[in-house]
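Coordinate analysis (summary)
Each chain, letter by letter, is given below.
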Amino acid sequence: MKLLVNISRILVGVLFIFSGFIKLNDPLGFSYKLQEYFSQDVLNIPNLEPYALMISIFVVVFEVVLGVFLLIGYKPKFTVWSLLGMIVFFTFLTFYAAYFEKVKDCGCFGDFLKLKPWESFWKDVILLILIVILFVGVKHVKPLFGRLPTTVLALLGFIFSLWFGYHVLMHLPSIDFRAYKIGNNIKKGMEIPDDAPKPIQEYSWKFNVNGEERVFKTNGQYPSVEGDFVSVDTEVIQEGYTPPVVDFSIENDTEDLTTHFLSQENLIVVISYSLEKIEREGALKLKGFQKEALKKGYKIIGLTASGEEAKRRINKAYNIDFEWYLCDEKALKTVVRANPGILELDEGTVKQKVHWNDIEDFDLPEVEKVTALSFEEKNKENILYLVDGEISTKEDVDILEEKGVVGILHFTIDNNILDSINKSMNSNYVGFMNVELKKDSIQEDTSVNK
């Protein structure tokens, strides 16, 4: 029995510390998961939603501390009783979520490891068995050190947990497990591979056949039945591939600009999932930050789930004038754990990400200005040349220039025109040269339109 207790002690202690630390690294993310549990669709206790963050911090700190207490043998009876109470509660919670299909991910290991509802439940069942073993054999849970060292270690574990939780709340998670971490490309995160598993659904077709309701099941095709159609229900038998980035978009009232902005270099995005809840101190810093970013050559936009009235009010109240675009609130909460948070994107790749508390640490080196000449030199293979509206080549344009018959030379980057050209020609041009021939005068005008 003693050996079994010691094995359970190590397994439970390590797992509680690991699971608690993962959530303690991102207590705000765990609070979002608790809000999902408290919602009307799940446990129907929405009165607790405003206290989700406070509950989140208490739970994850307590989880880590109990794991430490168990390993060092501090107050064994209190520790084992507390572990038992916690695991009984979580086992009920995961069973409820799995049986009624209320929550797709329990949040047990944050964004580090996603467990399906039934996987979470059986994990808790195994933990419950191990903790029951500890409960029965609690007399074998002895302190590893003397009374004073054990007490000191317990106190240090508690203090460190509190400090670490506060630190990541005031900044950002120390370890980012999400699809929007620095170095990841958002565009690639949206892609679905050609060989990705497709979802498998079962369709239950209900027909009235000779006055009797009968159900016919197919994989999607309409059944050949002599009867009157009543209804159809679908059930997902097997989930398909889900890309790491979902629900992320950059939109205005009339169009989706996601592809446009994720193709730009040196783009700074200010994230505020709710302008109504934006931190005042963070919003006050945006004016100076915007001025500095624009001065250094960056383009700056905002992303929020709030409406037009809130956008106008915030811009006026804090004297900022960059344009706010729309995105799903849940996606924005996933992008950055701050309100506001700031990102730098380079063709969709996350280069920097900071909490508003650390906005002074955002690196803003001066952006190299792109001229028509430098752009042409860097993108020789991706420029479309037009002579009087007809497709030509650089060599032909050079010959015309040598003969002195080129009139007006425009170097233009126009996204709308490029999109149309690229779609029609199955190409990927990044700019074009437009040459208009004039008989009497020769004039060259090079410009870049963004």
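The rules behind the values
Residues numbered from 1 in each chain as written. Predicted model: local features only at pLDDT ≥ 70, side-chain atom pairs only at ≥ 80, totals over all residues. Heavy atoms only, no water. 1 Å grid on protein atoms, 1.4 Å probe; cavity = no way out; pocket = protein on both sides within 12 Å on 5 of 7 lines; lining within 4 Å. Points joined across faces, edges and corners; volume = space filled by probe spheres on them. Helix = DSSP H or I, 4+ residues; strand = E, 2+ residues; numbered from the N terminus. Nonpolar A, V, L, I, M, F, W, Y, C, P; charged D, E, K, R; others polar. pLDDT = per-residue confidence, 0-100. Contact = heavy atoms within 4.5 Å. Pairing = 2+ DSSP bridges. Axes fitted to C-alpha atoms, helices over the stretch in contact; angles between N-to-C directions. Expected span 1.5 Å × (residues − 1). Buried < 20%, exposed > 50% of the residue type's maximum accessible area, 1.4 Å probe, protein only. Right-handed = clockwise from strand over helix to strand, strands pointing away.

Turning next to empty space enclosed by the protein. The tally for this structure, following the rule as stated, stands at two cavities of 30 Å³ or more. Of the pockets and cavities examined, the largest cavity occupies roughly 230 Å³. Along the wall of the largest cavity there are 20 residues; nearest its centre are Lys23, Glu63, Phe90, Cys108 and Lys123. Breaking the lining of the largest cavity down by element, the ones donating at least two residues are helix H1 (2-24), helix H2 (27-38), helix H4 (76-99) and helix H5 (117-136). Here the residues of the lining of the largest cavity sort into 13 nonpolar, three polar and four charged. Forming the boundary of the second largest cavity are Ile186, Phe248, Val269, Ile271, Leu303, Val335, Leu343 and Leu345. Put simply, the parts of the chain that give the lining of the second largest cavity at least two residues each are strand E4 (267-272) and strand E7 (341-346). Classifying every residue of the lining of the second largest cavity by side-chain character gives eight nonpolar, no polar and no charged.

Looking at the protein as a whole, its pLDDT mean stands at 85, while 84% of the residues score no less than 70. Predicted confidence in the protein is weakest over strand E11 (residues 406-412), with a mean pLDDT of 48, and strongest over strand E8 (residues 349-355), with 97. In this model, residues 408-414 is a region of pLDDT below 50 whose contacts with residues beyond four sequence positions or in other chains number 38 contacts.

Next up on the list: the sheet that holds strand E3 (residues 228-238). Ordered by their spatial adjacency, three strands build an open sheet running E2-E1-E3, and the pairing between neighbours is antiparallel. Strand pairing shows two members of the sheet lacking a second neighbour, strand E2 (212-218) and E3, which therefore form its edges. When the angles between neighbouring strand axes are averaged without regard to direction, this sheet yields 20 degrees. The pairing of strand E1 (residues 200-209) with E3 spans nine bridges and is antiparallel. Bridging from a neighbouring strand, serine 204 pairs with aspartate 233 of E3.

Quick look at H5 now. The first and last C-alpha atoms of H5 sit 29 Å apart over 20 residues, in line with the 28 Å expected at 1.5 Å per residue. Considered for burial, the residues of H5 that qualify are Pro117, Ser120, Phe121, Lys123, Asp124, Val125, Leu127, Leu130, Ile131, Ile133 and Leu134. Where H5 is buried, its residues meet H1, helix H3 (52-72) and H4.

Burial within strand E5 (residues 299-304) is extensive, with five of its six residues counted as buried. Examined bridge by bridge, E4 and E5 share six bridges and lie parallel to one another. Bridge assignment links valine 270 to a residue of E5, and that residue is glycine 302. In the classification by handedness, the crossover that spans E4, the intervening helix H9 (residues 280-295) and the parallel E5 is right-handed. When E5 meets strand E6 (residues 324-326), the two strands line up parallel, connected through three bridges. Residue pairing in the sheet places leucine 303 in a bridge with tyrosine 325 of E6. At this point the chain moves from E5, through helix H10 (residues 308-317), to the parallel E6, and the crossover so formed is right-handed.

Inspection of the secondary structure assignment puts glycine 189 in helix H7 (residues 186-190). Residues glycine 189 and valine 246, 57 residues apart in the sequence, show an inter-C-alpha distance of 8.3 Å. Excluding its chain neighbours within four sequence positions, the residues that come into contact with glycine 189 are Pro243, Pro244 and Val245.

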